[in-house]
Every structure is written in C-alpha cells, then in structure tokens.
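Inside the fold
Below are the chains, spelled out letter by letter.
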Amino acid sequence: MTISVDTLLHAGWIIPIEPDNTVLHLHSIAIRDGMIVDILPTTEAQKKYQAPRAQAFPHHVICPGFVTAHTHAAMTLLRGIADDMPLMAWLQNHIWPAETKWVNEEFVYDGTRLAIAEMLRSGTTCVNDMYFFPDAAARAFRETGIRACIGLVIIDFPTAWAGNPQEYIDKGLNLRDHYRSHPLITTALAPHAPYTVSDAPLKRIRVLADELDMPIHMHVHETADELDQSLQHHAVHPLERLHRLELLSPRFLAVHMTQLSAHEIKLVADTGTHVLHCPESNMKLASGICPVSALLAAGINVALGTDGASSNNDLDMFGEMRSATLLAKVATQDASTVPAHTVLRMATLNGAKALGLDHLIGSLKPGKSADIIAIDMQRIETLPVYHPISQLVYAAARDQVTDVWVHGKHLMKARRLLTLDEQDVIAKTTDWQQRIKGH
C-alpha cells in the first residue's frame, strides 16, 4: 500500500547539507503540508509514495534554498546610482542624500518586490533584510510567499521612517507584534552600525533582545576608518564597546567584520557571535577582507549575504559563494581553505543558524520545511558533472535555477515566477528609474 503525500521530487542529485559534504544520487523527496517527510532512493520512493504532484529532475541538483544572511532589499532601486568609491563617500555623498529624497513606503514596497524577483530567480528562499519602512518590506515578502527576517532599523538620526531611537524601537516592536505568529516572517532588532547608534539605545536593544529572544543584526568592523573613529570617540574598537554593553552573544549577528585582530576573533568565538560575510560588497567598496578561514577555525558560525544591490550590484548567492571561497584562498595562500562544501553550507545552513531557524530550514531532512531549489546541471557551462557540490559552487550560475519552493509552495516553475507579475515589477522599476534619473 502506497502512502499519499502532496509532492514528490525525483532528482539526479540531492545535496542535503546535513550530513556535511554529502551527495545523494537518484534520490527523491516526499513533501506533505509543506514539510519534508522522507528522502530516499527514487526506486523506493516510486513504490512507497503517491502524489498528485510528482516531478522528475533527472539532470538537476536539488538542495536547500539559499539564505541571504544580510541585504537591504529595497535598495535595488538605487542599483548603479553611485559606483567605484569607498564606503563613507558612497554613503554620505550619494546614498544618504538619495534616500532622504526618495525613500518612502512606496519606494520600499516596489524595491523589495524587485529584489524578491531577483532573489527567487537566483535560488534564495530566505532573506535577512535591514531597511527603512520595514512594514512595507514585510508586506512584499508576505504577499510573495518568500521567507524573511525583517530588520527593525534603529539609528540615532531622523529619517522618513522615524524621528528618534525610541520611535524606531516603538514602530519596530509594533511590527514584531503584528507578525509574531506568521509562519514565514520573523523579526530582528537592527541597529545600523556602532557609528550611527549611541550607547543609550544600544542598552535598550540589549534588554529587548533578552526579553523577547530576538536577534540583533548590525554592521560591525566594516572598515579601518570605522575603527579609527571609534578609538577617537570611545577609546576602544567597536567590538569591545559592544562587548562592554553586553550585546555580543549567540543572538548577535555582526555584518562584514573585515577588520579583526586575533584577540577580537577569540572574543567573537567566546561570545557565540555570528558573522555575516558579504565578500563582493566588501571588495567593491574596498572595505577589506573578512578573515573567514580564521573565523571558521575558531568555531565561529559564518554565513553569507549579498548586501544591497546598490553596493554589490546584484543579489546573486552563486556569485557570493564563488567570491567567498576564492577570496579566502587568496587571503591565506592556501588552496584548501573554505572548500566548496563549506561555502555551500555558509550559504544555507549557517545562515539559518544565525537567524535561529536551523531547526526549520537550511538543510534537507525529514521534519524540516520544504524550502528547496532545483538547479539544471545539463548545460554546456556545467558539463561534465563529476562532483556536483564543486560544480555548483565553481561553475553554476543563477540562471540555472529552474524551480523554487518555500514551505512546499511552488514560487518559481521552469523559470516563471508564480507569485509575482514580472511585467508589473519591471514597469514599476522603470517608473522609479525615470523619477530618480530626472532629478
């Protein structure tokens, strides 16, 4: 007697992430009510299960969807507005003035939808976002069916979203309460950076994180200039200041971390702090190189993010994986460091762990959510396939992602987005381009 499930996916290869560096040849995944119920050889699956939706992917790799551990989704509308300059000149002279002029609820909603379309087409199924008007971003994520952690931005100075730190916190907590029971949307406290958030709101953030068991998502040690400024104003580096404020913990997600001493790496390891690595943005802004190999050797959880499309300039996790492993090899002069299976884990399970979602996503195993992508390897660019994990990291491209599911729901089928009107997204984006370019 066969067992009924909702969906059966038959794959040429399944990369479950757990156990590490594992490839299952000619295996299938059985899905019921959005959850994985079994992974087994296809010959057995065809006898054991029946499903109204059974799909064969004989030339595909099936693996967990990517977790983009750090981005600013709505900033897709500022893609290419200011390139080839260092971080502070980029921020102060171009990005912050543009945000002051243009960012509102409509901008964030439309920009987030553009980002979601790009991310789904790149195999991303979970997004850790940080931007103004998080309510508008959350609406876009909710309507599309992608999984998201919404950063509740806190910053000292006024913006169109809020006027002072307490207002940022109050609005953020209201949004958290609104989504606290949503199956796909979670929230994180998101103080922007040590140089834009003073001690008093940081102390309040620590208390809230403890009371509400929320992650804290923050840019930290992004550039050498940031460290110099901190020494001038606080007499210590930002990490030490945050440690003295008792923020560093397994709830703390430190983005960038390109400037780290051996003592600071030990501090990160001892406190259980996670590091969110954005290699392409760091390279493009010449911010520095995150010492990923040393962090991993110290037992620190390192996840991958794209950063925003205005500093990258794409939301492509295939590119981030490749850049992360190659950059680590060059930095250490060791070709064996951060191998393909490790960087794939950084793009999936490590991101889920940073967000406190590794019990649910980041790997394929019974009892986890069916957040899954299918990647066509029967392309000139990825043939022959001797080692699927290496081929995925070193040769595959985002346009080879054909299908995407989040919690068992098909969001992209044969490259066609099912919960977004692509022509509407393009039309809205073109309208924003004309508005911004005309001023």
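**Quick look at the nonpolar core**
Residues Phe-107, Phe-141 and Leu-392 are the most contacted members of the largest nonpolar core, which totals 117 residues. When residues of this core are assigned to their parent elements, the largest contribution, nine residues, is made by helix 3 (residues 105-121). With residues near it in sequence (within four places) discarded, Leu-392 still touches Ile-15, Val-61, Cys-63, Phe-318, Arg-322, Leu-344, Ile-375 and Met-377. Within the second largest apolar cluster, 16 residues are counted, among which are Ala-69, Ala-188, Ala-354 and Leu-360.

**Some thoughts on unusual backbone geometry**
Put simply, Glu-18 and Pro-19 share a cis peptide bond, and its omega is -5 degrees. Mapped onto the elements, Pro-19 comes out in the loop between strand 2 (7-14) and strand 3 (24-32). Cis geometry is found at the peptide bond from Leu-383 to Pro-384, where omega equals -5 degrees. In this fold, Pro-384 is placed in the loop between strand 15 (372-376) and helix 15 (388-394). Not every positive phi belongs to a glycine, and Ile-17 is a case in point at roughly 75 degrees. Note on placement: Ile-17 falls in the loop between strand 2 and strand 3. Here the phi dihedral of Arg-415 falls at roughly 75 degrees; this positive angle occurs in a residue that is not glycine.

**A word on the pattern of salt bridges**
As enumerated under the stated definition, the model contains 27 salt bridges in all. Note that Arg-398 and Glu-118 form a salt bridge whose closest N and O atoms lie 2.9 Å from each other. Remark: Glu-118 occurs in helix 3 and Arg-398 occurs in the loop between helix 15 and strand 16 (401-406); sequence separation between them is 280 residues. Exposure remark for Glu-118: the relative accessible area of 12% places this residue in the buried category. For Arg-435, the salt bridge is made with Asp-431, and the minimal N-O distance between the two is 2.9 Å. Of the two residues, Arg-435 and Asp-431 both sit in helix 16 (residues 422-437), four residues apart, roughly one turn of that helix. Residues joined in a network through salt bridges with shared partners are Arg-206, Asp-210, Asp-213, Glu-246 and Arg-251.

**Some remarks on the side chain of His-60**
Along the chain, His-60 turns up in strand 6 (residues 53-64). Of the polar contacts made by the side chain of His-60, one reaches the side chain of Thr-402; its length is 3.1 Å.

**Focus: the environment of Met-346**
Mapped onto the fold, Met-346 is located in helix 13 (residues 340-346). Not counting residues up to four positions away in its chain, the partners in contact with Met-346 are His-277, Val-292, Leu-296, Val-302, Ala-303, Leu-304, Val-338 and Gly-351.

**As for the packing of aromatic side chains**
Under the criterion given, the structure shown has seven aromatic pairs. Taking the centre distance of 5.3 Å and the plane angle of 85 degrees together, the rings of Phe-107 and Trp-432 count as edge-to-face. Within this pair, whereas Phe-107 is found in helix 3, its partner Trp-432 is found in helix 16, the two being separated by 325 residues in sequence. On the basis of relative accessibility, which here comes to 0%, the residue Phe-107 falls in the buried class. According to the relative accessible area criterion, Trp-432 is buried, its value standing at 1%. Between Tyr-131 and Phe-132 the ring centres are 5.2 Å apart and the planes differ by 55 degrees, which places this aromatic pair in the tilted class. With a relative accessible area of 6%, Tyr-131 lands in the buried category. Taking the relative accessible area as the measure of exposure, Phe-132 reaches 12% and is therefore buried. These aromatic residues form a ring-pair network of at least three members: Trp-102, Phe-107 and Trp-432. Over the face of the ring belonging to Trp-102 we find Lys-101, whose NZ or CZ atom lies 5.4 Å from the ring centre. One Lys or Arg, Arg-139, reaches over the ring of Tyr-109 and ends 4.0 Å from the middle of that ring.

**Some words on the pairing of strand 4 (residues 35-41)**
The pairing of strand 3 with strand 4 spans six bridges and is classified as antiparallel. Along strand 4, the bridge assignment pairs Ile-31 with Ile-36. The turn joining strand 3 and strand 4, which pair antiparallel and follow one another in sequence, is formed by two residues; a positive phi near 55 degrees is taken by Asp-33.

**Quick look at helix 12 (residues 317-332)**
Helical periodicity: at 3.6 residues per turn, an α-helix aligns residues three or four positions apart in one direction. Here helix 12 contains 16 residues, and its C-alpha end-to-end distance of 22 Å stays within 8% of the 22 Å for a straight helix at 1.5 Å per residue. When helix 12 is considered as a whole, its buried residues turn out to be Met-317, Phe-318, Gly-319, Glu-320, Met-321, Ser-323, Ala-324, Thr-325, Leu-327, Ala-328 and Lys-329. In this structure Asp-316 caps helix 12, since a side-chain oxygen of it lies 2.9 Å from the backbone nitrogen of Phe-318. Immediately beyond the C-terminal end of helix 12, within one or two residues, lies Gln-333, with a positive phi of roughly 55 degrees.

**A look at the state of the cysteines**
A full pass over the atoms with the stated rule returns zero disulfides. Lacking any disulfide linkage, Cys-149 is separated from the closest cysteine sulfur, that of Cys-126, by 7.5 Å.

**Looking at the pairing of strand 12 (residues 252-256)**
Burial analysis of strand 12 places five of its five residues in the buried class, the great majority of the element. Of the strand pairs in this sheet, strand 11 (residues 216-220) and strand 12 are connected by five bridges, and their pairing is parallel. Its bridge partner being in strand 12, Met-218 is matched across the sheet by Ala-254. Across three bridges, strand 12 lies against strand 13 (residues 274-277) in parallel orientation. When the sheet's bridge partners are listed, Leu-253 is paired in strand 13 with His-274. At this point the chain moves from strand 12, through helix 9 (residues 262-271), to the parallel strand 13, and the crossover so formed is right-handed.

**Here's the deal with the sheet that holds strand 18 (residues 416-417)**
Within the open sheet, the eight strands sit side by side as 4-3-2-6-15-16-17-18. Their pairing is mixed. Looking along the sheet, the strands with just one partner apiece sit at the ends: strand 4 and strand 18. Where strand 17 (residues 409-413) meets strand 18, two bridges bridge the pair, whose relative direction is antiparallel. Among the inter-strand pairings, Lys-413 is bridged to a residue of strand 18, identified as Arg-416.

Rules used throughout
Along each chain, the written sequence defines residue order, and numbers are assigned to residues from 1. The model is predicted, so local features are restricted to residues of pLDDT at least 70 and side-chain atom pairs to those at 80 or more, both for listing and for counting; the totals for chains, interfaces and linings are taken over all residues. Values reported for side chains reflect all heavy atoms of the structure, with hydrogen atoms and water molecules removed beforehand. Nine residue types can take part in a nonpolar core, namely buried Ala, Val, Leu, Ile, Met, Phe, Trp, Tyr and Cys, and a core is a set of them joined through side-chain atoms within 4.5 Å. Between buried and exposed lies partly exposed: a residue is buried under 20% and exposed over 50% of the maximum accessible area for its type, with that area taken using a 1.4 Å probe on protein chains only. Here a helix means four or more residues in a row that DSSP labels H or I, a strand means two or more in a row labelled E, and each is numbered from the N terminus. Any two residues whose heavy atoms approach within 4.5 Å at even a single point are treated as in contact. Within this document, salt bridges are pairs made up of a side-chain nitrogen of Lys or Arg and a carboxyl oxygen of Asp or Glu, the two lying within 4 Å of each other. Throughout this description, a polar contact denotes any pair of N or O atoms lying within 3.5 Å of each other; where both atoms belong to protein, one of them has to be capable of donating a hydrogen while the other can accept it, and for residues adjacent in sequence the pair is counted only when both atoms sit in side chains. Pairing of aromatic rings covers Phe, Tyr and Trp, the last counted by its six-membered ring, and requires centre-to-centre distances within 6.5 Å; plane angles under 30 degrees mean stacked, over 60 mean edge-to-face, and any other angle means tilted. When the NZ atom of lysine or the CZ atom of arginine is within 6 Å of a ring's centre and also within 35 degrees of its normal, the charge is said to sit over that ring. Only strands that DSSP links by at least two bridges are regarded as paired with each other. Given the number of residues in a helix, its expected span is that number minus one, multiplied by 1.5 Å. Note on terminology: disulfide denotes any pair of cysteine sulfur atoms within 2.5 Å. A clockwise course of the path from the first strand over the helix to the second, judged with the strands pointing away from the viewer, identifies a crossover as right-handed.

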